Structures are given as structure tokens and as C-alpha cells.
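These are the residues of each chain, in order.
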Amino acid sequence: MTRPTGYEPLFTLKPAAPDIWIADGGWIRFYGLPFPTRMTVVRLACGGLWVHSPVADQGRLAGAVAELGPVRHLIAPNWIHYAWVPDWQARFPQAVIWGSPGVVARAKSRGVALHLDHELSDAPPDDWEGQIDQLLADSGTHREVVFHHRASRTLILTDLIENFEPAKMPWWALPLLKLGRVCDPDGRMPRDMAASFRLRRAHLREVVETMIGWAPDRVILAHGRWYARDGVGELRRAFRDVIPG
């Protein structure tokens, strides 16, 4: 049985916006710390589904997703979010697999065979152009593609902001999470990730300004409490050291 994360029910689709659902997964460990996880599902205009950072397929999750429509795209949005993509690929072999630069090498280094059909870039492919905007944030170490669903004005991030709720985290992890600047209500880009952009500050500023320019109403995160309202305000708060004032 999966240990509770505070985001129950787990492995269950939950409406987040028109044609968008989330599913909270169980705990993972990164740098020895426990992380709650979250995936996002978008139904495209064609009726096909776009699945971002899939979590473990437990319970009836994959079946519930399939009931929404055919799974057309599986997304590994950054270089460290890939763990369950092969399982979903096996479940939905007709799906096209997309991944950020560096994710295949990272997976291989951890003994995971990950096959991509296409690498993600700044340019949305024809499959979702005009529906989902995207942009690559690349520090040279951390590579993450951010997405914006136009119709619902929903920004979908992976690790560029993390926002762990202290009451839902183990007490012993809180000092490190606070040091990393990733605790609710002021979750931000993790400190080590922000440091990786120190030589690419102008690029990061352009990414943040573009996300703000999309004017999202909500921001879905992969870890911790996501923002159901005031998306632009949350971006300005979280990236205040990148675009001060």
C-alpha cells in the first residue's frame, strides 16, 4: 500500500480545468528526500490525450485515462522525469514519446531504457501547435520544457517551481527543503537548480517573461501544492530574483 502523501485520493484523475486533469502519485526519493508526485493529462482538440510526466500506473489510473480518449502523446518534460514513461509506453504502444534534451542519457545512466520518438524543443510540433505553447529552459545542466494550454490558460511546470507543504512532509526533511527554498507558501526554483542558471541568467529571464506573457490563470506543478488561481502573481513571486520589481 502506498504511504499517504496528503494529496489523496492517489492515482485518481481529478479535474483541474476544462480538458485538463491531474493525478497525484506516491512518494519518490531524490537526493534522499521524499517527493510527492503529480502528472497532468490534456485532451487535445482532436480528442487524443497528451500525458505529462506520468506517475506510476497503480489502481485503475491508466484505464481511467484511456476512458477519456486515446492516449496519443507521452511527455518526459525534463531530464529527470522519465521513470514511469516506459511502463505507460508498454500500456499504450500507439502513443508518440516526447522527451527533453538529456533525458535518454540520464535514464540510461540509471539503468532505464527509454526510447523517444522525438526530442522536445522550443517549437510546438504540429500535433499540438496552436493549442499548447512550449519553451525550453536550459541551464546547460537542467533542461526542462514548460507548457501552456491556451484555451484554459494553464501553465504546466515540472521542477522549475517546487512547493512542498510542510504539514505534509516528514519533519526531518523540512530543514533541507527550507534551505532549498521549496516550501509552501513561498515555493520557488530549487536553490541548486537556480545556481545552474547563473551563467544563463538572461536566458532564464526570457523564459520567465514568456511564461508571464502567456498570462496563465493557474500553474500546475509536479511537486507540492499547485496554484489554482493568480498564476501570473505566483510566477512573479517565485521568480522575483530573476525579474525584480
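The rules behind these values
- Residues numbered from 1 in each chain as written.
- Predicted model: local features only at pLDDT ≥ 70, side-chain atom pairs only at ≥ 80, totals over all residues.
- Heavy atoms only, no water.
- Helix = DSSP H or I, 4+ residues; strand = E, 2+ residues; numbered from the N terminus.
- Polar contact = N/O pair within 3.5 Å; in protein donor to acceptor, adjacent residues only side chain to side chain.
- Contact = heavy atoms within 4.5 Å.
- Buried < 20%, exposed > 50% of the residue type's maximum accessible area, 1.4 Å probe, protein only.
- Pairing = 2+ DSSP bridges.
- Axes fitted to C-alpha atoms, helices over the stretch in contact; angles between N-to-C directions.
- Arc of directions from axis to C-beta.
- 1 Å grid on protein atoms, 1.4 Å probe; cavity = no way out; pocket = protein on both sides within 12 Å on 5 of 7 lines; lining within 4 Å.
- Points joined across faces, edges and corners; volume = space filled by probe spheres on them.
- Nonpolar A, V, L, I, M, F, W, Y, C, P; charged D, E, K, R; others polar.
- Phe/Tyr/Trp six-rings, centres within 6.5 Å; stacked < 30°, edge-to-face > 60°.
- Lys NZ or Arg CZ within 6 Å of the ring centre and 35° of its normal.

1. Some points on the side chain of S196
Looking at where S196 falls in the secondary structure, it is placed in helix α5 (residues 191–196). A polar contact of 2.9 Å, which involves the side chain of S196, links it to the side chain of S139. Leave out the neighbours within four places in its chain, and S196 touches S139, T141 and H142.

2. Quick notes on unusual backbone geometry
With the exception of glycine, most residues fall at negative phi, and the peptide bonds are largely trans. With an omega dihedral of 0 degrees, the bond running from E8 to P9 counts as a cis peptide bond. Residue placement: P9 occurs in the segment before β1 (13–17). P185 follows D184 through a cis peptide bond whose omega is 10 degrees. Not every positive phi belongs to a glycine, and F11 is a case in point at roughly 55 degrees. Note that F11 resides in the segment before β1. For F11, a relative accessible area of 11% translates into the label buried. Even without glycine at this site, R153 takes up a positive phi of about 55 degrees. Inspection of the secondary structure assignment puts R153 in the loop between β9 (143–149) and β10 (154–156).

3. Overview of the sheet that holds β1
If you walk across this open sheet you meet the 7 strands as β1-β2-β3-β4-β5-β6-β7, and the pairing is mixed. In the strand order of this sheet, the two ends are held by β1 and β7 (118–119), each with one partner. Bridge count for strand β4 (residues 49–52) against strand β5 (residues 71–76) is 4 bridges, and the pairing is parallel. The residue of β5 that forms the bridge with H52 is I75. Across the sheet, helix α1 (residues 61–68) lies against β1, β2 (20–30), β3 (33–43), β4 and β5, angled at about 20 degrees from β3, the strand it touches most.

4. Some remarks on helix α7 (residues 231–238)
Because each turn of an α-helix spans 3.6 residues, side chains separated by three or four positions in sequence point in the same direction. Within the span of α7, buried status applies to G231, E234, L235, R237 and A238. In an axial view of α7, the angular spread of the buried residues amounts to 165 degrees, which keeps them on one side of the axis. Packing partners of the buried residues in α7 comprise β10, α6 (201–213) and β11 (218–220).

5. Quick notes on the layout of surface pockets
Computed from the structure, the largest pocket encloses a volume of approximately 750 Å³. Taken together, 37 residues make up the lining of the largest pocket; nearest its centre are F30, Y31, F35, I80 and E162. For the lining of the largest pocket, the secondary structure elements donating two or more residues are β2, β3, α4 (174–179) and α5. For the lining of the largest pocket, the per-class residue count stands at 21 nonpolar, 8 polar and 8 charged.

6. Remarks on the sheet that holds β10
Overall, mixed pairing links the 4 strands, which are arranged β8-β9-β10-β11 in an open sheet. A single partner strand is all that each edge strand has here, and the edge strands are β8 (132–138) and β11. With strand direction ignored, the average angle separating the axes of adjacent strands in the sheet is 20 degrees. Inspection of the sheet shows β8 paired to β9 by 7 bridges, in the antiparallel sense. Note on β9: the bridge partner recorded for A137 is E144. In the packing of α6 onto the sheet, contacts are made with β8, β9 and β10, and the angle to β8 comes to roughly 160 degrees.

7. Some remarks on the environment of D217
Relative to the elements of secondary structure, D217 occurs in the loop between α6 and β11. Sequence separation of D217 and E206 is 11 residues, and the distance between their C-alpha atoms is 20 Å. Those residues in contact with D217 that lie beyond four places of it in its chain are S152, R153, A228, R229, D230 and G231.

8. Some points on the packing of aromatic side chains
According to the stated counting rule, one finds 5 aromatic pairs in the structure shown. Pairing W50 with W128 gives two aromatic rings, centres 6.0 Å apart and planes at 80 degrees, and the pair type is edge-to-face. Separated by 78 residues along the polypeptide, W50 in strand β4 and W128 in the loop between β7 and β8 bring together distant segments of the chain. Of the two residues, W50 and W128, neither departs from the other in class, the shared state being buried. Within the aromatic cluster, the residues linked to one another by ring pairs are W50, W98, W128 and F147. Positioned above the aromatic ring of Y7, the side-chain terminus of R38 is 5.2 Å from the ring centre.

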